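Architecture at a glance
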Amino acid sequence: MQICIIDDNLVNENIGKDIFMNTLEHLIQDDYNIIMSDIIREGHPTLREVATAIVEPISEEYITLGKQMLQFLENSQDPDIAQELDLRGGVGIAAPQLDIPKRIMAVLIPSEDEESDEPKLREVMFNPKVLSHSVQQTCLKDGEGCLSVDREVPGYVVRADRITITYTNMNNEKIKMKLRGYEAIVVQHEIDHLNGVMFFDHINEENPFAINPDIKVID
Ligand code: NI
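Residues numbered from 1 in each chain as written. Predicted model: local features only at pLDDT ≥ 70, side-chain atom pairs only at ≥ 80, totals over all residues.

**Side note on the environment of Gly143**
By the secondary structure assignment, Gly143 is in the loop between strand 4 (137-140) and strand 5 (159-160). For Gly143 and Gln83, which are 60 residues apart along the polypeptide, the C-alpha to C-alpha distance reads 25 Å. Not counting residues up to four positions away in its chain, the partners in contact with Gly143 are Val153, Pro154, Gly155, Tyr156 and Val157. (Helix = DSSP H or I, 4+ residues; strand = E, 2+ residues; numbered from the N terminus. Contact = placed C-beta atoms within 7 Å.)

Written out as structure tokens, the structure reads:
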């Protein structure tokens, strides 16, 4: 008599699913605020995985997760809340950084005009794709940082200066968007997370600040 059938693949898949669902349920609880301990750090294998696409239309749970990620960015940019919750300021976060290997990211880029409350970009993107990018490249003068990296990694991170992307938004609408400069850099940094790429992978190890003179360096 066969008492039980053990199929390793099935068991592993189920275990994987359970762990991941627990994390998702934890993060989308009512009134929960994402904090730094929810964010995995470099060395964690999920940061090196290629995240899987979200089935569309996007389900309520993933939309709630997207809202929570955007709320985290908002909290992290509010000096009082950031201090209270001990958050590092961020302009972007990707679901793999929360140990959820799914193609979801949020960006919140504040206005350069301090008088204005209207952010330059405030969006949750599901299944984002880069359709095209400029030949012109750019990088930030001070390099990049990451919520998953607790150290400074100096060096120019060279990226496309302009990109055209598509994604699905929180209203399940397909959006096409053109971005340039800083916004394009932030979005490329987050899309990299969906592909298991870290910003420092782009830095020239031999000479971190050596770049071709054609590359635009922005403040
Ligand atoms: Ni990052």
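**A few points about the pairing of strand 7 (residues 174-180)**
In the sheet, strand 6 (residues 162-168) pairs with strand 7 via 7 bridges, with the strands oriented antiparallel. Across the sheet, Ile165 pairs through a bridge with Met177, a residue of strand 7. Between the end of strand 6 and the start of strand 7, which pair antiparallel, lie 5 residues, with Asn172 showing a positive phi angle near 60 degrees. (Pairing = 2+ DSSP bridges.)

**Overview of the nonpolar core**
Judged by nonpolar contacts, the single largest core of 43 residues is most densely connected at Met69, Met105 and Ala106. Where this core is concerned, the elements lending two or more residues are helix 2 (60-77), strand 1 (92-94), strand 2 (104-109), strand 3 (121-133), strand 6 and helix 4 (181-194). It is helix 2 that contributes the most residues to this core, 7 residues altogether. If sequence neighbours within four positions are ignored, Met105 has contacts with Gly92, Ile93, Ala94, Ala95, Met125, Pro128, Glu190, His193 and Leu194. (Core = buried A, V, L, I, M, F, W, Y, C linked by C-beta atoms within 7 Å. Buried ≥ 20, exposed ≤ 12 C-beta atoms within 10 Å, placed from the backbone.)

**Some details on unusual backbone geometry**
The omega angle of the peptide bond from Glu56 to Pro57 is 0 degrees, so this bond is cis rather than trans. With respect to the secondary-structure elements, Pro57 resides in the loop between helix 1 (8-27) and helix 2. Phi is positive for Asn127, close to 50 degrees, though the residue is something other than glycine. In this structure, Asn127 sits in strand 3.

**Focus: helix 4**
Along its 14 residues, helix 4 runs 21 Å from first to last C-alpha, staying within 8% of the 20 Å computed at 1.5 Å per residue. Within helix 4, 10 of the 14 residues are buried, which leaves it mostly tucked inside the rest of the structure. For helix 4, the set of buried residues is Ala184, Ile185, Val186, Val187, Gln188, His189, Glu190, Ile191, His193 and Leu194. Positive backbone phi, at 75 degrees, marks Gly196, one or two positions downstream of helix 4. (Expected span 1.5 Å × (residues − 1).)

**A look at the sheet that holds strand 8 (residues 216-218)**
The 3 strands lie next to each other as 5-4-8, forming an open sheet whose pairing is mixed. Every interior strand has two partners, whereas the edge strands, strand 5 and strand 8, have only one. Where strand 4 and strand 5 come together, 2 bridges link them in antiparallel fashion. Counterpart to Thr138 in the pairing with strand 5 is Arg159.

**A few points about the sheet that holds strand 7**
A sheet is described by the order of its strands in space; here 5 strands give the open sequence 1-2-3-6-7, paired in antiparallel fashion. Strand pairing shows two members of the sheet lacking a second neighbour, strand 1 and strand 7, which therefore form its edges. The average undirected angle you get between the axes of adjacent strands in this sheet is 40 degrees. Bridging between strand 3 and strand 6 involves 5 bridges; their strand directions are antiparallel. By the bridge assignment for strand 6, Phe126 is matched with Thr168. Sitting on the sheet, helix 2 is in contact with strand 1, strand 2 and strand 3, with an inclination near 30 degrees to strand 2. (Axes fitted to C-alpha atoms, helices over the stretch in contact; angles between N-to-C directions.)

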